[in-house]
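# Notes for the structure review
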Amino acid sequence: MLLIVAAMIGGYMAMNIGANDVANNVGPAVGSQAITLTGAILIAAFFEAGGAMIAGGDVVGTIKKGIIDPDLVADRDTFIWLMTAALLAAAVWLNFATAVGAPVSTTHSIVGGVLGAGIAAAGWSIADWYQVGMIAASWIISPVLGGVIAATFLYIIKRTITYKSDVLTAANRMVPFLVAVMAWAFGTYLMLKGVKKLVKVDFPTALVIGLLLAIVVYFLIRPYVANTTKRLENKKSSVNDLFTVPLIFAAALLSFAHGANDVANAVGPLAGINEAIAAGAVATKASIPIWVMAVGAIGISLGLALYGPKLIRTVGSEITELDKMRAYCIAMAAAITVIVASQLGLPVSSTHIAVGGVFGVGFLREYIKSSYARMLDEIREHHADHDPEAVEAFLERFEAADVTTKGEILRDMKAQASSDRVLAKKERKALGRVHRIELVKRNLLLRIAAAWVITVPLAGTLAAMFFFMIRGMLLP
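Glancing now at the packing of aromatic side chains. Each aromatic ring pair is characterised by the separation of its centres together with the angle its planes make. Considering all chains together, one arrives at 9 aromatic pairs under this definition. For the pair Phe 186 and Tyr 189, a centre-to-centre distance of 6.4 Å together with 70° between the ring planes defines the contact as edge-to-face. Pair noted here: Phe 186 and Tyr 189 are both in helix α7 (residues 167-194), with a separation of 3 residues, about one helical turn. Judged by relative accessible area, Phe 186 falls into the buried class, the value being 3%. Taken together, the ring pairs connect Phe 153, Phe 243 and Tyr 328 into an aromatic cluster.

Here it is in structure tokens:
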């Protein structure tokens, strides 16, 4: 009876993982209109289930990240109650977060659940507070790293492609290279994270496999880009079409790796309960029966299909406007941050990285557009005494120029004598601030950040309450 109840709660947890966490893998691709919402759900459901069933592994650690010491758990029954309470608490919190549209970390939810139920079962000494501190550090490390990497890639794309006067020639040169870098990152990511339970691969080997894949992709994508650009107009929006296919592959590969890794959040405690009932002892490592993995795989796919669209829209379009180039940058941030963090031993969350990437590209665009508005004000101020029509003609020439020519125009203007200027430097800066453009929704930023910070303590508090309730019901 306990196992049946635990299986139901494990399925409920898996559904909430599908509803909340999977949005990070496909949200940017949907928001940029690389794929439709229905297409994204089908791709993600298939690859999440495939990742869980094929690469989810035969053995799972029941206590995520070693957050508590299992030797201090008194007996088998206490361990079962602890794991059941942790699963239920994490699932309830994820359900609430999904309902209010906040993408949160499922790993942090289950860690908080195990921590809270463990403390309720055996006191404060059971917790590994160093690990708790590392998880708290990831609240800052993950989004900052994700945001910086995504913004860096977007800036590279802007400087090397979209700011050029001949956009298509620049795209012909740069897009195959960018897609090859993506293949390198995703090849390495998949070897390290996606198939680590099938094949043990060290970091240098994973890098070499990724590099070989990148070389193959480069020579395959070059003729495709060359043929596609012949049919496109020479404008910025045309470049977006070149990133559609890479984004579909990215969504599929991210979903596969997520299924292989994060299904453990649902099936780890369930496998532990199954092992404890079968072996009659506390299990820190548990074999995963096929039915347990199926509960996780089917639950994730079902949760995504039924409740995923809400969070997919939040990540894909509500935080900031995404196009395919920006979505590419976010996908790159997701893969590279995990690779770098895993080698440096930094604690990161895939949810926080992806959402940080979305905010990163949004804030970069804000900064660039605000700077551009200030440039135009500077130009108007320098030509205040000139014919307005001549000024507007000059501005049209300025806007049509590529980034190098624009820089030269501005340097020439700044070289003018200060006596010729209408406004002082301080007044011009104030004028620039008036034109600050907001492209990121601040209220969503605050809501999501608050949800991240309270995930572990709230899941822990819920788990402690559920543990005492379960113990009270089942004690003779």
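This paragraph deals with a nonpolar patch on the surface. Taken together, the side chains of Met 53, Ile 54, Leu 198, Val 199, Ile 290 and Trp 291 define a hydrophobic patch exposed on the protein surface, amounting to about 580 Å² of accessible area. Those elements that place two or more of their residues in the nonpolar patch are α3 (37-55) and α11 (290-318).

With that settled, the discussion passes to the pattern of salt bridges. Counted under the stated rule, the structure contains 5 salt bridges. When the shortest N-O distance is used, the salt bridge between Arg 76 and Asp 77 registers 3.1 Å. Assessed through its relative accessible area of 29%, Arg 76 is described here as partly exposed. The closest approach of N and O atoms between Glu 233 and Lys 235, which form a salt bridge, is 3.8 Å. According to the relative accessible area criterion, Lys 235 is partly exposed, its value standing at 39%.

Moving on, we come to the nonpolar core. Counting residues in hydrophobic clusters, the biggest one holds 143 residues, and the most contacted among them are Met 13, Ile 161, Val 175, Val 239 and Tyr 328. The biggest single contributor to this core is α7, with 16 residues.

Moving on, we get to unusual backbone geometry. The backbone phi angle of Gln 33 is positive, close to 65°, even though this residue is not glycine. For Gln 33, the location among the structural elements is in the loop between α2 (23-31) and α3. For Gln 33, a relative accessible area of 65% corresponds to the exposed category.

Angle between the axes and distance between the axes are the two parameters that describe a pair of packed helices. Put simply, helix α4 (residues 76-99) and helix α10 (residues 244-279) touch, their axes get as near as 9 Å, and they point 160° apart. Regarding the angle of α4 to α10, the classification is roughly antiparallel. Judged by the sense of rotation from one axis to the other, the crossing of α4 with α10 is left-handed. Along the contact surface, α4 presents Arg 76, Phe 79, Ile 80, Met 83, Thr 84 and Leu 87, while α10 presents Asn 265, Ala 266, Pro 269, Leu 270, Gly 272, Ile 273, Ala 276 and Ile 277. Split by residue class, the contact of α4 with α10 holds 10 nonpolar, 3 polar and 1 charged.

Looking now at the environment of Ala 171. Locating Ala 171 in the fold gives a position in helix α7. On the accessibility criterion, Ala 171 (0% relative accessible area) is buried. Sequence-wise, Ala 171 and Ile 157 are 14 residues apart; in three dimensions their C-alpha atoms are separated by 9.1 Å.

As a further point, take the confidence of the model for the chain. Of all residues in the chain, 89% have pLDDT values of 70 or greater, and the mean over the chain is 85. Predicted confidence is poor over residues 427-436, with pLDDT under 50, and the contacts of this stretch with residues over four places away or in other chains come to 13 contacts.

Here is what the cut-offs are and how they apply
Residues numbered from 1 in each chain as written. Predicted model: local features only at pLDDT ≥ 70, side-chain atom pairs only at ≥ 80, totals over all residues. Heavy atoms only, no water. Phe/Tyr/Trp six-rings, centres within 6.5 Å; stacked < 30°, edge-to-face > 60°. Helix = DSSP H or I, 4+ residues; strand = E, 2+ residues; numbered from the N terminus. Buried < 20%, exposed > 50% of the residue type's maximum accessible area, 1.4 Å probe, protein only. Patch = residues over 30% accessible without salt bridge, like charges linked within 9 Å, V, L, I, M, F, W, Y side chains within 5 Å. Areas by Shrake-Rupley, 256 points an atom, 1.4 Å probe, with all protein chains shown as cover. Salt bridge = Lys/Arg side-chain N within 4 Å of Asp/Glu carboxyl O. Core = buried A, V, L, I, M, F, W, Y, C linked by side-chain atoms within 4.5 Å. Axes fitted to C-alpha atoms, helices over the stretch in contact; angles between N-to-C directions. Parallel < 35°, antiparallel > 145°, perpendicular 65-115°, else oblique. Left-handed = near helix turned anticlockwise from the far one by under 90°. Contact = heavy atoms within 4.5 Å. Nonpolar A, V, L, I, M, F, W, Y, C, P; charged D, E, K, R; others polar. pLDDT = per-residue confidence, 0-100.

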